[in-house]
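Letter by letter, the chains look like this.
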Amino acid sequence: MSINKHNIDTDGRLVVLGGGESGAGAAVLGKEKGMDVFLSDMGTIPSKYKELLDRHGISYEECGHSEEKILSADVVVKSPGIPPYAPMVEKIVAKGIPVLSEIEFAAGFTDAKMVCITGSNGKTTTTLLTYHILSKAGLDVGLAGNVGKSLALQVATDPHEIYVIELSSFQLENMYRFKANIAVIMNITPDHLDRYDHKMENYVAAKFRILQNQTKDDYFVYWQDDPVIREQIAHVQSEALMLPFGIDKEENTAAFVEDGIIHFAVPGDVWEIPRDRLSLPGLHNLYNSMAAGISASVLNIKKEHIRSALEDFEAVEHRLEYVATVDGVRYVNDSKATNVNSTWYALESMTTPTVLILGGKDKGNDYSEIEELVSRKVKAIVCMGLHNEKLMEFFSGKVEQIADTDSLEGALEACRKFAKEGDTVLLSPCCASFDLFKSYEDRGDRFKAAVRAMQQTI
């Protein structure tokens, strides 16, 4: 019997549920380690992942589950998109078969350092920014999790000394022995509550799993002004060194702002950078830059490398992404704003009258969080979705104009009626994309294409 460091028997049978990036990567890693691997997907497996599985001689099925084959597993790696209450998952658990995330599975086969970022908002930008700093400094670093390539695939075919990993609450659910050397929590606001029995405490607990197994040699980076994080810290025991960041300096604050200067103070290093030198504008990006800067500092990257990377990093696609100006109106794609707090940060950065596009699959949202910003900055709201009743009821009478549309074309037509020269049309939906679109990327791409098509017809 061959056992890896997470007590996985590499002579055993691995079943992978889900044939996307994480599932295919886990299957390849299992195969490379000598396991008997079978992958099953209820839907259609994308062709690029079929080709990957075929190349490695991995058996798979799509458009359904073969229960007998699945329940013969010694261990199951589950796609984060599959909920724990899915019927097949419940059968696996009832039989006592361990269910792991792809990140947990992959971490058992590497001793690389792990820089892990989670939070309701800002985690993608912070992850990419941290990766940018480390790469520019010449470190051997991989990008994984919700961005980049599967961690398991990299461990199997392209290993690195350090990984920067974006972790969702879904991925953290099935992580047990995994340890983050640097754990970052950007913030926690209500999101995905439909997955967590509509109980905020369940969602918070999932996020805080990022701290499990940390020791005194590890670091916990977090936004000190987040009330949910503050409350949870009081109930969590962690040996890791806490490195909070925020606007104001408090006891042990590792990054704060004073007179337009961002000050960093981590063990063994003190440095600063003018806020106006950051490549990314907006309050949310100030926090993202602080978290990335702290993480890079504790990895002993020279301050001049960190400053340079913070100054030349390019914005993340689908996050406050300028698209085009049509008839004097700026169009901005913030399709990645799939929850209310993310839209709050987008609105906070607006400096012109705004026509706001909202809508999609509501996840138990509380729109009161953006009500004050809407009253100050938004001249009109365009609801874009199959079920806009909740949005229409909440915002009717709170803006000068509001429209109910059920397509991208209808939404943009309404925007052109409402927006005047000098205004901004902001797609920042507050909601998941799955009513009209395949993903938030699909929503953003189609929005950009439609806006650019409008520009060409002028």
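Note that the structure is a prediction, hence the values are computed from the model and not measured. (Residues numbered from 1 in each chain as written. Predicted model: local features only at pLDDT ≥ 70, side-chain atom pairs only at ≥ 80, totals over all residues. Heavy atoms only, no water.)

Draft legend 1. Fine view of the nonpolar core. Counting residues in each nonpolar core, the largest one holds 52 residues, and the members touching the most others are F105, L151, I165, F178 and F208. Broken down by element, this core gets its largest block of residues, five residues, from helix α1 (residues 21-32). Of all hydrophobic cores here, the second largest spans 42 residues; its members include I133, V164, I262 and Y287. (Core = buried A, V, L, I, M, F, W, Y, C linked by side-chain atoms within 4.5 Å. Buried < 20%, exposed > 50% of the residue type's maximum accessible area, 1.4 Å probe, protein only. Helix = DSSP H or I, 4+ residues; strand = E, 2+ residues; numbered from the N terminus.)

Draft legend 2. View of the sheet that holds strand β1 (residues 13-17). The strand order across the open sheet formed by five strands is β3-β2-β1-β4-β5, and the pairing between neighbours is parallel. The open sheet has two free edges, formed respectively by β3 (59-61) and β5 (99-100), since each of these has just one partner strand. Here three bridges tie strand β2 (residues 36-40) to β3, and the two strands are oriented parallel to one another. By the bridge assignment for β3, F38 is matched with S59. Running at roughly 165 degrees to β2, α1 makes contact with β1, β2 and β4 (75-78) of the sheet. (Pairing = 2+ DSSP bridges. Contact = heavy atoms within 4.5 Å. Axes fitted to C-alpha atoms, helices over the stretch in contact; angles between N-to-C directions.)

Draft legend 3. Examining the side chain of S150 more closely. Mapping S150 onto the fold places it in the loop between β7 (141-145) and α7 (151-157). Assessed through its relative accessible area of 2%, S150 is described here as buried. Those residues in contact with S150, other than ones at most four positions away along the chain, are E21, S22, G25, A26 and E102.

Draft legend 4. Focus on the pairing of strand β16 (residues 329-333). Burial analysis of β16 places four of its five residues in the buried class, which makes it a mostly covered element. Here strand β15 (residues 321-326) runs beside β16; their pairing, made up of five bridges, is antiparallel. By the bridge assignment, A324 is partnered in β16 with Y331. Linking β15 back to β16 in an antiparallel pair, the connection comprises two residues, with D327 at a positive phi of about 55 degrees. The sheet contact formed by β16 and strand β20 (residues 424-427) spans four bridges and is parallel. When the bridges of β20 are listed, Y331 appears paired with V425.

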